[in-house]
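# Observations on the three-dimensional arrangement
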Amino acid sequence: MTGSCLCGAVTFTATLEAPHIEACHCTTCRKWGGGPAFASTVTSLDLPEDAPIAYFASSDHAERGFCTVCGTHLIWRMKDGSFVTIFAGSLDNADDLPLTGEIYVDEQPATYAFANDTRRMTGAEVIAAFSTPSEDT
Ligand SMILES: [Zn+2]
Ligand SMILES: [Zn+2]
């Protein structure tokens, strides 16, 4: 899939791990973006070398990439590069991607609730899923 930031200074091509979107309700995402974050995991992400992207280390293990011209939020990734997500709002032609999961539901404020039928995971469940060594190939 293709995507871009709001001003167009950053364009990219991404291959999604699966054609769906997950929402994160964590305090960090909401503080950063003004609301819950919608993102898709990618298996590859091609960015122009000169793309004006800066990365902010939002925790000791992860960082968030944004366009330095317009501020659009684009990327959440593990610092070691082992896991990369693209913020769904930056994707072109993504209107049909279903919302299948919600994470950090224990940090979700009472302000809103999605009507979508999703798999809901607490922060502890997410961390446990990340920490479990996978035997999958
Ligand atoms: Zn931009
Ligand atoms: Zn989050």
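Here, the structure is the one placed above.
Attention here is on the structure that accompanies the text. (Residues numbered from 1 in each chain as written. Chains lettered and ligands numbered in written order. Predicted model: local features only at pLDDT ≥ 70, side-chain atom pairs only at ≥ 80, totals over all residues.)

## A word on the nonpolar core
Quick reminder of the rule: Working definition: the nonpolar core is a set of buried Ala, Val, Leu, Ile, Met, Phe, Trp, Tyr and Cys residues, joined through C-beta atoms within 7 Å. Using C-beta atoms placed from the backbone, we call a residue buried if 20 or more other C-beta atoms fall within 10 Å of its own, exposed if 12 or fewer do, and partly exposed for counts in between. Put simply, DSSP H or I for four residues or longer makes a helix, DSSP E for two residues or longer makes a strand, and each gets a number counted from the N terminus. Residues are treated as contacting if the C-beta atoms built from their backbones sit within 7 Å of each other.
Grouped together as the largest cluster of nonpolar side chains are 22 residues, with contacts concentrated most on Cys24, Ala37, Phe38, Ala39, Leu74, Ile86 and Phe87. Of all the elements in the fold, those that place two or more residues in this core are β2 (11-16), β3 (21-24), β4 (37-46), β6 (62-67), β7 (73-78) and β8 (84-87). When residues in this core are grouped by element, the largest group, four residues, is from β4. Discounting chain neighbours no more than four positions away, the residues touching isoleucine 86 are Gly3, Ala14, Ala39, Ser40, Val42, Leu45, Leu74, Ile75 and Leu91.

## Details of the pairing of strand β5 (residues 53-57)
Operational definition: Any two strands with at least two DSSP-identified bridges between them are counted as paired.
The buried count for β5 comes to zero of five residues, which makes it a mostly uncovered element. As paired elements, β5 and β6 share five bridges and run antiparallel to each other. The partner of tyrosine 55 across the bridge, within β6, is glycine 65. Turn length for the β5-β6 hairpin, with the two strands adjacent in sequence and antiparallel, is four residues.

## Some remarks on unusual backbone geometry
The phi angle at asparagine 93 is positive, at roughly 55°, despite the residue not being glycine. Mapped onto the elements of the fold, asparagine 93 is located in the loop between β8 and β9 (99-103). The phi dihedral of tyrosine 104 is positive, around 55°, even though this residue is not glycine. Assignment of secondary structure puts tyrosine 104 in the loop between β9 and β10 (119-121). Classification of tyrosine 104 by C-beta neighbours within 10 Å gives buried; the count is 24.

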